[in-house]
Number of protein chains: 2
Amino acid sequence: MRKIFIGIDLGGTNVKIGCFDSQLELICKTAATTKADMGPEAVVDRIGDAAEKLLVDNDLSGEAIGAVGIGAPGPAKLDEGIIIASPNMPLFKNVPLRKMISERFGKPTVLENDANAACWGEFVAGAGRGVHDMVFFTLGTGIGGGVITDGKLVHGFADNAAELGHIIIYPDGRKCGCGQTGCVEAYASANSTAAQAAEAVGGGAESSLKELLAEKGEITCRDVFEHSAAGDALAKRITDETAKALAILCVNMLHITEPQRIVFAGGMIAAGDTLLSRIKHYFNEQIWSLKKETVEICFATLGEDAGIIGAAALATSLITRDSSDDGRWTNRKGFVH
Amino acid sequence: MRKIFIGIDLGGTNVKIGCFDSQLELICKTAATTKADMGPEAVVDRIGDAAEKLLVDNDLSGEAIGAVGIGAPGPAKLDEGIIIASPNMPLFKNVPLRKMISERFGKPTVLENDANAACWGEFVAGAGRGVHDMVFFTLGTGIGGGVITDGKLVHGFADNAAELGHIIIYPDGRKCGCGQTGCVEAYASANSTAAQAAEAVGGGAESSLKELLAEKGEITCRDVFEHSAAGDALAKRITDETAKALAILCVNMLHITEPQRIVFAGGMIAAGDTLLSRIKHYFNEQIWSLKKETVEICFATLGEDAGIIGAAALATSLITRDSSDDGRWTNRKGFVH
């Protein structure tokens, strides 16, 4: 029987579920509201129900599932499969999510941090293909990320590595929601980019964003990039400050883990070359002159599917094919639940 | 026959050579001037001669050598065993140092970056014992370092990872010798700490360092820390700025690779608690409040021997003992020259 792999991307609002073959080709996918306020058991039930419906609708048998991978937000004990806490899912405290999912599906299951799962998806099937060392940033409301060295995700000693939005780049600068001062998230996330534009306009700066603010009552990050592309000086300056902060992040990551490729993902990359060209400009301006650097800075290619692909990819490593001919699979030691 | 392992720490001025047993206990050591201006062949000869004399003086046989490890400065292709260039050894350009050392000793040899070798030494036998994830900084004329995740040195895609002195922490700040602006090396190395004190005194600041400068014609980093410990306000401020820069570095590394321990080494740690207590103070002040962090910040314990111990430790992994009884060893696949 052809094995299939389930990849789950659990978010505070929505949960995405994908069904993949062993080559990580997408067979079908679905999404559901998470309803995190109903608690972990109910959420796991919703995931199980949605996955069953997805299989039935696509004439697939639950028997064919080889393994399941789930990416979830918040600090976790990955080895134990436990979500410690999650800012957007207050009822998820010390939840043995891997065990719960594994029992619901009756299959070996792997738990990963959501940003790491998306990072792994881009690494195996997206913008990171062909390299062994990669850094991944998600630019959204906040900034998250993942670090891969020598083909492996860096987890850190307590599974909380790659909190890349909280790298300090401007000490004594803007306050960050995390309690630190000068985090890159306070400069270059969608929220902070929009906030800086609103502050400048509120402070009397001349800009085409001024009318927009009066009209809509708010400025979004997308507005800033659009007005920047249209030539507004203030929007250009804010865009440049965001790009410069991200470029400094790239310089720093190069000097730490020396990735071959740095991949930006998340809603903000819709800005396209308006943003990417400026990140590259500031990277070239900031980087040392001791040697020529060849790191590639690029945008992610998998969009919102990165998380389910990465989770499914991690699931494929839970079992190994005994032989390419007879199609039997066995659980791989050390990974199974 | 009891196997011995040679660890070599090659510097621009001196080369240190240590002889260790398979448990990394130091048997004997020596040092020689490098004479890098005589070229790579002459330097390798000097190393070989010094090692032979060391063995003879200690009644050891060259036959007993299991493998050799060498840590060397400058960018390298570690897999190929080649030193690409070295700022303090201008004649070392694309030198196949591993092959040259291996041929001179007639033994399998491993080449590592010098800061990585010292990092590995502290990891296996010093301040990093007992952890799997560690970050290592050397505070000297410049700032170097090493990163270990999940028990392995991070090398990066072209073997130039962990150039930790060139992490930018103050964009638009002090110029660094590397061509970047605001590197931590421009704030917290021995040279830059001394330079900042001299600049302040030269600018008319009141300080007990003023008389010292008039008397000696220069201020060293050690002077700054000594006058800080004695209560001088300017020296205290400079010490605090150095400590704060290092604390930001610790915060950033925690959010990237999440080490369990951060180890500072190099000449500057002679300052002892005058420096360490301030680094910890600023770390606690700067770190986020989202969760309690337990990373340990401490000083190295192996002193100048870290490099030879680390190089010897890397050498031990070149060969494996066939059996604990008959004492035969074989080359381990993939590592030997």
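Structure's up top.
Residues numbered from 1 in each chain as written. Chains lettered and ligands numbered in written order. Predicted model: local features only at pLDDT ≥ 70, side-chain atom pairs only at ≥ 80, totals over all residues. Heavy atoms only, no water.

**Student:** Explain the pattern of salt bridges to me, using residue names and the numbers behind them.
**Tutor:** Applying the stated rule across the entire model yields 30 salt bridges over all chains. Here R261 of chain B makes a salt bridge to E296 of chain B, at a shortest N to O gap of 2.8 Å. Remark: E296 of chain B occurs in strand β12 (residues 296-299) and R261 of chain B occurs in strand β11 (residues 261-265); sequence separation between them is 35 residues. Put simply, D45, D49, E52 and R104 of chain A are held in one network by salt bridges that share partners. (Salt bridge = Lys/Arg side-chain N within 4 Å of Asp/Glu carboxyl O. Helix = DSSP H or I, 4+ residues; strand = E, 2+ residues; numbered from the N terminus.)

**Student:** So what's going on with the interface of chain A and chain B? Residues and values would help.
**Tutor:** Opposite the 43 residues of chain A that make contact, chain B presents 43 residues. When chain A packs against chain B, close to 3,600 Å² is buried across both sides, 59% of that on carbon and sulfur atoms. The three residues of chain A that bury the most area against chain B are F157, I256 and E258 of chain A, which together make up 20% of that side's buried surface. Viewed at the interface, chain B and chain A are joined by two salt bridges. Here D172 of chain A ties to K244 of chain B by a salt bridge, and the two come within 2.7 Å at their closest N and O atoms. Viewed at the interface, chain B and chain A are joined by 24 residue pairs in polar contact (both at pLDDT 80 or more). Broken down by secondary-structure element, the contributors of at least two residues to the side of chain A that touches chain B are β9 (143-149) and α8 (233-256) of chain A. Sorting elements by how many residues they give to the side of chain A that touches chain B places α8 of chain A first, with seven residues. Here the side of chain A that touches chain B is composed, by residue class, of 21 nonpolar, 14 polar and eight charged. (Contact = heavy atoms within 4.5 Å. Buried area = accessible area lost by both parts, 1.4 Å probe. Polar contact = N/O pair within 3.5 Å; in protein donor to acceptor, adjacent residues only side chain to side chain. Nonpolar A, V, L, I, M, F, W, Y, C, P; charged D, E, K, R; others polar.)

**Student:** Tell me about the nonpolar core, and name the residues and values.
**Tutor:** Soluble, globular proteins show a tendency: their nonpolar side chains are buried together. Within the largest apolar cluster, 156 residues are counted, with the highest numbers of intra-cluster contacts made by F264 of chain A together with F264 of chain B. Once you skip the residues sitting within four places of it in the chain, F264 of chain A turns out to touch F137, L139, L246, C250, I269, I279, I297, C298, F299 and A300 of chain A. (Core = buried A, V, L, I, M, F, W, Y, C linked by side-chain atoms within 4.5 Å. Buried < 20%, exposed > 50% of the residue type's maximum accessible area, 1.4 Å probe, protein only.)

**Student:** Outline the sheet that holds strand β12 (residues 296-299) of chain A, supporting the account with residue identities and numerical values.
**Tutor:** Residues and elements named next belong to chain A. Strand order in the open sheet formed by five strands is β10-β9-β8-β11-β12, and the pairing between neighbours is mixed. Edge strands, defined here as strands with exactly one partner in the open sheet, are β10 (152-153) and β12. The strands touched by helix α3 (residues 114-125) within the sheet are β8 (134-139), β9 and β10, with β9 carrying the most contacts at an inclination of about 55°. Along the sheet, α8 contacts β8, β9, β11 (261-265) and β12; its crossing angle with β8, the most-contacted strand, is approximately 155°. (Pairing = 2+ DSSP bridges. Axes fitted to C-alpha atoms, helices over the stretch in contact; angles between N-to-C directions.)

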